[in-house]
Amino acid sequence: FSQNWIFFFTEDLSVVSKLSTPRLREPKVAHRQTARLGSAIKLPCPVEGDPPPLIMWTKDGRNIHSGWIRFRILRMGLKIKEVEADDTGTYICKATNGFGSVNINYTLIVIGETKYLRPRFTQPAKMRKRVIARPVGSSVRLKCTASGNPRPDIVWLKDDRLLTEQEVGEGREKKWTLSLRNLTPEHSGRYTCRVSNRAGEINATYKVEVIQRTNSKPILTGTHPVNTTVDYGGTTSFQCKVRSDVKPVIQWLKRVETNEESRYNSTIEVGDHRFVVLPTGEVWSRPDGSFLNKLLITRAKEEDAGMYICLGANTMGYSFRSAFLTVLPDTKPPITPMFSPASSSLPWPVIIGIPAGIVFIFGTVLLWFCQSRKHCPPPSAPAAQVLQSSHRPPYRERDRGCVAPSSSSSNPDKDCLSSMNYEEYLAQQQLLLSQGGPTVPPKIYPKIYTDIHTHTHSHVDGKVHQHQHIHFQC
């Protein structure tokens, strides 16, 4: 037990030994800083410690907080945007943890020609809504954030009466936003912010209306939902605005015609009609105390046309309002499908495979026919006899078959050439013409080459024979 106690004690000592007071990470820091008018500057605070210290900034003894609009406290410094002449002063970064603290002092000097600028509102988007309605017990914030050179002052008035600091709030930065909490009917009125400096003055007025709460059923305000027309396939929406003391339940219904009841699983009966409950989106709470919900209709079809009802309900009752949707007819012509699934009982692989097989067989036959046309047809028996019995010169014995061309690169099977003299060609043609009737052989249409070869032969007995050969391709 004593050994365990000593072990834990030494562990605690090692942890304590790691803890330290805040210290500067960078010993040399320029304590005098200069910034030009209208520029931005960052004052560093490079401190460290264990545990990490808490950083606080002050200017001339006043704490800098998030309400200082142009000042932003960063993890390692203070950033000032759009430096003004009034930003000149002494800034202190104070880092503190449970073991001590350390301060870093800066003196900021703003230089540059001083230009007087008329006040202007820096957040006009947050000031667009000037008429505000709130129920009793709620709260409202009126903003009048502005800038200028020199920095302007602001005062608040209610119905032209100057409000006191207690009514506005303490602190210079808080004056730019007037907060009214736990509203009562006495808070209703006109609130004006008046911003001024030596260059000029601006003002803005808000009208606040505090509504007395009553335990009553919801009230549909405005004119929505309204009758709407949409193109076939288009997108449209209905919206419903409900005022209620508590958050109401907003539901959309669509009237079901007599011939459409079978299309829906469940319907409800209201009076003499039946309705179908539609999916409802989120209910938004508006700044004026009302509640808003929208019904979105996409890819509108003919069956979407009809009467729609917005129903707002709470524990005290309900209110509703109806509107009609008209869907224009489709102007596009209907697309007729090329293959109707109902007209064929064959599966789609068979439907695709049969045409593909026919194309394949036809292609194979065509390829075989083209290859067979390239071969020379064998001579017929009568033609061979004519060639044998026809007059031949005694000096040469002719070949009865086709003679391949002399070029070694040609293929005899694919490019068959025959060589014969002119007398043999005429004898062959006369024999073919003399044979008629059903046994007439097919005609041969040779392709005559443009070149005619002349051969001259000399014999021992002194005779000279000259022959012309016409070469043609089968």
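Residues numbered from 1 in each chain as written. Predicted model: local features only at pLDDT ≥ 70, side-chain atom pairs only at ≥ 80, totals over all residues. Heavy atoms only, no water.

**Digging into the overall build of the protein**
Broken down by element type, the protein carries five helices and 32 strands. Buried residues in the protein amount to 31% of all 474 residues. Taking all contacts inside the protein whose residues are at least 6 apart in sequence as the whole, residues at least 24 apart take part in 65%. Per element, the accessible surface of the protein, about 31,900 Å² overall, is 56% carbon and sulfur. (Helix = DSSP H or I, 4+ residues; strand = E, 2+ residues; numbered from the N terminus. Buried < 20%, exposed > 50% of the residue type's maximum accessible area, 1.4 Å probe, protein only. Contact = heavy atoms within 4.5 Å. Areas by Shrake-Rupley, 256 points an atom, 1.4 Å probe, with all protein chains shown as cover.)

**Points about the state of the cysteines**
Across all of its chains, the model carries three disulfides by this definition. Cys45 shares a disulfide with Cys93; S-S distance 1.8 Å. Note on the Cys45 and Cys93 pair: the S-S dihedral is about -65 degrees, so by sign convention the disulfide is left-handed. Taken as a pair, Cys45 in the loop between strand 3 (41–44) and strand 4 (47–50) and Cys93 in strand 9 (residues 89–97) lie far apart in primary sequence, 48 residues in all. Considered together, Cys45 and Cys93 belong to a single accessibility category, that of buried residues. Note on cysteine connectivity: Cys144 is disulfide-linked to Cys193, with sulfurs 1.9 Å apart. (Disulfide = S-S within 2.5 Å.)

**Remarks on the side chain of Arg255**
Its location among the elements puts Arg255 in strand 23 (residues 249–256). Beyond its immediate chain neighbours, meaning those up to four positions away, Arg255 contacts His273, Arg274, Phe275, Met307 and Phe324.

**Remarks on the sheet that holds strand 5 (residues 54–59)**
Taken in spatial order, the five strands of this open sheet run 2-10-9-5-6, and their pairing is mixed. This sheet does not close on itself; its edge strands, each paired only once, are strand 2 (32–36) and strand 6 (62–63). Across two bridges, the pairing between strand 5 and strand 6 is antiparallel. Paired with Lys59 across the two strands is Arg62, which belongs to strand 6. (Pairing = 2+ DSSP bridges.)

**Topic: a nonpolar patch on the surface**
Together, Ile268, Val270 and Val277 make up a nonpolar patch on the protein surface, roughly 220 Å² of accessible area in all. With respect to the helices and strands, Val270 occurs in strand 24 (residues 268–270). (Patch = residues over 30% accessible without salt bridge, like charges linked within 9 Å, V, L, I, M, F, W, Y side chains within 5 Å. Salt bridge = Lys/Arg side-chain N within 4 Å of Asp/Glu carboxyl O.)

**Notes on the sheet that holds strand 7 (residues 71–74)**
The sheet built from three strands is open, its strands ordered 3-8-7 with antiparallel pairing. With one partner strand each, in any of the chains shown, strand 3 and strand 7 form the two edges of the open sheet. Going from strand to strand, the sheet's axes swing by 20 degrees on average, the running direction of each strand aside. As judged from the four bridges shared by strand 7 and strand 8 (residues 77–80), these two strands associate in the antiparallel manner. Bridge pairing in strand 8 places Arg72 opposite Lys79. (Axes fitted to C-alpha atoms, helices over the stretch in contact; angles between N-to-C directions.)

**Overview of the nonpolar core**
Core analysis: the largest hydrophobic core is formed by 23 residues, its most contacted members being Leu142, Cys144, Ile154, Trp156, Leu178 and Tyr191. Contributions of two or more residues to this core are made by strand 13 (140–143), strand 15 (153–158), strand 17 (177–180), strand 18 (189–197) and strand 19 (200–211). The leading source of residues in this core is strand 19, at five residues. Excluding anything up to four places from it in sequence, Ile154 contacts Cys144, Lys175, Trp176, Cys193, Arg194 and Val195. By size, the runner-up hydrophobic cluster in this structure holds 21 residues, among which are Val29, Trp57, Phe71 and Val110. (Core = buried A, V, L, I, M, F, W, Y, C linked by side-chain atoms within 4.5 Å.)

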